[in-house]
Amino acid sequence: MSNLLRIGAIGSVLALAGCGGGAGDANRADKVALQVDQVGCPDLSGAYAFNMPGERGVSYRGSMLLEFPVEDGNRVPAAQISGLIVQRKAHGLYDWRFLIDEARVMQQLEVIREFDKPRYREWYHLLNDPGRAAYVARNGKAAHARRVAELGPRSEIVRTLRAGSEMVCRDGWLELPREYAGPIRLTRGEDGSIIGESHEISTVGVTVWCGDGCRDLPIPTGKFTGRLQWPRSHGLQAWKPDDMRGRYVFQRPIDEIEAETAALKAGQARSDALRYASAGTIRTRIEALAPAGTVVDEVAVRDGKVHVGYTAPVADQDRLLTTISEVAGDRRGPQEVRRIVRSGHFDVRRVEFALTDSPLVLRDAPYPTPQTRAAEAEPGTASRMAVLALAEPEAPKMPPAGFAELREIRRRVGPLFPSGTRIIDARYGGGNVIVVGEADSNRSVSDGLRAIAGQGSTPELVRIETTPAGRMRFEILLRRSALVSE
């Protein structure tokens, strides 16, 4: 059947359907309950559950009930309205408060938290003491409630309806105009609810060709009376933050979390700077241990650890890990080791790990030398220790502010030890001075420590061990005092 014939057949059905189905007053409240005012408007004051009519119900299309524009340019659809509170203020004058459902309110609150951080922060702190108590003490409870409502998410939309303008009243019915059809008629039902009706047209979709595709064209098939009912809902009120207590915890302000996170990171960075050597120094030390073909491509000090990454041939992927472990023992060796296969590069491996206590990364830890390590090393290890010693960064030549020159410090400290003891090196580190020497016995070292303490300093024996020649090699940390000051 062609589209023209199909449309003609449907038109015949429409003619047979006629124009019946006019609105009736079934289930309407009596005259006393209606309390019709001087302009013919019923008293609809009360709180009601707001719902969307069914398929054969009243159509909100083209009326004020379809969606609700708000100041920020958005629109709240009828499906997101959960209730209605009506107040008759005078003859032919109403305030209608449409209550937004909780899901929409909470969604809006998240938007405020993310994109209007100062507003959310003030709102958040007004909900609980001490912010609430302080505001109430200054401005009173009513002002506090108003401020919380101003800052918080929109929970209701208020519309003022006037007879002859936004609505028409006739014989106890309130009529809301629609753009595309007759009005929606509302009144009070026998049970106290708001009931409504409207003239509606039933349609059927006919598929037609529009040049760029097919679409359904709605064809009228008859008329019917649409109906709606908004039941009474006692105790209904707009959403308030207190309604969420016991079942929801409001999230803290984002800007406060960001500030705390930044402060923690800054504190960790300061701690890392005191604990670890610079990334460049650590890279130099680790590269000195790397076998040929292994490329150290990442050294980063962050979050309380030193993060290292290197690329090596598959056969040698663990050689650098093993050497680093041998430097200071397995307990202080690589942690969180990851071996990564890269697409298209199956002949090499990317290895990532972290170091926390290795002498390779600590700022003031005694650093291995070929002599001290060779005495205890297994065969083949001494050569790696020699390479490691070559990677030790050169001590700064210029003294930090307030410190004497290293030559002068060595000249002062040397005479405090018994004869046979020799100060062979000194360096600055971590706001202190490290003095390195050799003595012929442990007793000589102890005597020197006591003599330094007698000069008003507090020495700390950092390291002592026997050299291959049988002498005692020691390192002493000297904190700032007259002995090392300029």
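Q: Can you tell me about the packing of helix α4 (residues 117-126) against helix α6 (residues 141-151), naming the residues and giving the values?
A: It is at 9 Å that the axes of α4 and α6 come closest, and there the two elements cross at 145°. Where α4 crosses over α6, the handedness of that crossing is left-handed. Between α4 and α6, the residues in contact are R119, E122, W123 and L126 and H144, R147, V148, E150 and L151, respectively. Classifying every residue of the contact of α4 with α6 gives 4 nonpolar, 1 polar and 4 charged.

Q: Requested: an account of the nonpolar core, with residues and values cited.
A: A general trend in soluble globular proteins is that nonpolar side chains are found buried together. Of all hydrophobic cores here, the largest spans 45 residues; its most connected members are W96, W123, W230 and F250. When neighbours within four sequence positions are excluded, W123 is seen to be in contact with L109, V148, L151, G152, W239, P241 and F250.

Q: How would you explain the pairing of strand β4 (residues 81-90) if you had to name every residue and give the values?
A: Pairing between strand β1 (residues 46-49) and β4: 4 bridges, direction antiparallel. When the bridges of β4 are listed, G46 appears paired with V86. Relative to strand β5 (residues 93-100), β4 runs antiparallel, the two being bridged by 8 bridges. Along β5, the bridge assignment pairs A90 with L93. The antiparallel hairpin formed by β4 and β5 contains 2 residues in its connecting segment, where G92 sits at a positive phi of about 70°.

Q: Could you give an account of the pattern of salt bridges, naming the residues involved and the relevant values?
A: In total, this model carries 38 salt bridges according to the counting rule given. Across the salt bridge formed by E438 and R471, the nearest N and O atoms sit 3.5 Å from each other. One end of the pair, E438, is in strand β17 (residues 432-439); the other, R471, is in the loop between β18 (459-466) and β19 (472-478), with 33 residues separating them in the sequence. Residue D447 pairs with R450 through a salt bridge whose shortest N-O separation is 2.3 Å. Of this pair, D447 and R450 both sit in helix α13 (residues 442-453), 3 residues apart, which is roughly one turn of that helix. Using a relative accessible area of 24% as the deciding quantity, one classes D447 as partly exposed. Salt bridges sharing partners connect three or more residues here, namely D297, E298, R302, R338, R350 and E352.

Q: If you had to explain unusual backbone geometry to someone new, which residues and values would you point to?
A: Of the consecutive residues D129 and P130, the connecting peptide bond is found in the cis state with omega at 5°. Along the chain, the position of P130 falls in the loop between α4 and α5 (131-139). Non-glycine residue D303 carries a positive phi angle of around 55°. On the secondary structure map, D303 appears in the loop between β12 (295-302) and β13 (305-313). Even without being glycine, E336 reaches a positive phi, approximately 55°. Along the chain, E336 turns up in strand β14 (residues 335-342). Residue E336 is classed as partly exposed on the basis of its relative accessible area, which comes to 47%.

Q: Kindly report on the sheet that holds strand β16 (residues 422-429), identifying the contributing residues and their values.
A: Taken together, the 4 strands give an open sheet; going across it, the order is β16-β17-β19-β18, and neighbouring strands pair in antiparallel fashion. Edge positions in the sheet fall to β16 and β18, since each of these pairs with one other strand and no more. Taking each pair of neighbouring strands and ignoring which way they run, the sheet shows an average axis angle of 20°. Where β17 meets β19, 7 bridges bridge the pair, whose relative direction is antiparallel. By the bridge assignment, E438 is partnered in β19 with R473.

Q: Help me get a handle on the packing of aromatic side chains, residues and values and all.
A: Inspection of every chain in the model, using the stated rule, returns 14 aromatic pairs. Arranged with centres 6.0 Å apart and planes meeting at 50°, the rings of W96 and F98 form a pair that is tilted. Residue classification places W96 among the buried residues on the basis of a relative accessible area of 0%. A relative accessible area of 0% means that F98 is categorised as buried. An aromatic cluster of at least three residues, connected via ring pairs, comprises F50, Y60, F68, W96, F98 and W230. Over the face of the ring belonging to Y180 we find R61, whose NZ or CZ atom lies 4.0 Å from the ring centre. Sitting above the plane of the W173 ring, R185 keeps its charged end 4.1 Å from the centroid.

Q: Describe the sheet that holds β12, and please don't skip the residues or the numbers.
A: Pairing is antiparallel in the open sheet, where 4 strands are placed in the order β12-β13-β15-β14. Across the chains shown, the open sheet's two edge strands, defined by having one partner strand only, are β12 and β14. With strand direction ignored, the average angle separating the axes of adjacent strands in the sheet is 15°. Here β13 pairs with strand β15 (residues 345-355) via 8 bridges, running antiparallel. Following the sheet pairing, A312 is matched in β15 by R349. Lying on the sheet, helix α8 (residues 279-289) is in contact with β12, β13 and β15; it crosses β12 at an angle near 145°. Sitting on the sheet, helix α9 (residues 319-328) touches β12, β13, β14 and β15, and the angle it makes with β15 is about 25°.

What counts as what
- Residues numbered from 1 in each chain as written.
- Predicted model: local features only at pLDDT ≥ 70, side-chain atom pairs only at ≥ 80, totals over all residues.
- Heavy atoms only, no water.
- Axes fitted to C-alpha atoms, helices over the stretch in contact; angles between N-to-C directions.
- Helix = DSSP H or I, 4+ residues; strand = E, 2+ residues; numbered from the N terminus.
- Left-handed = near helix turned anticlockwise from the far one by under 90°.
- Contact = heavy atoms within 4.5 Å.
- Nonpolar A, V, L, I, M, F, W, Y, C, P; charged D, E, K, R; others polar.
- Core = buried A, V, L, I, M, F, W, Y, C linked by side-chain atoms within 4.5 Å.
- Buried < 20%, exposed > 50% of the residue type's maximum accessible area, 1.4 Å probe, protein only.
- Pairing = 2+ DSSP bridges.
- Salt bridge = Lys/Arg side-chain N within 4 Å of Asp/Glu carboxyl O.
- Phe/Tyr/Trp six-rings, centres within 6.5 Å; stacked < 30°, edge-to-face > 60°.
- Lys NZ or Arg CZ within 6 Å of the ring centre and 35° of its normal.

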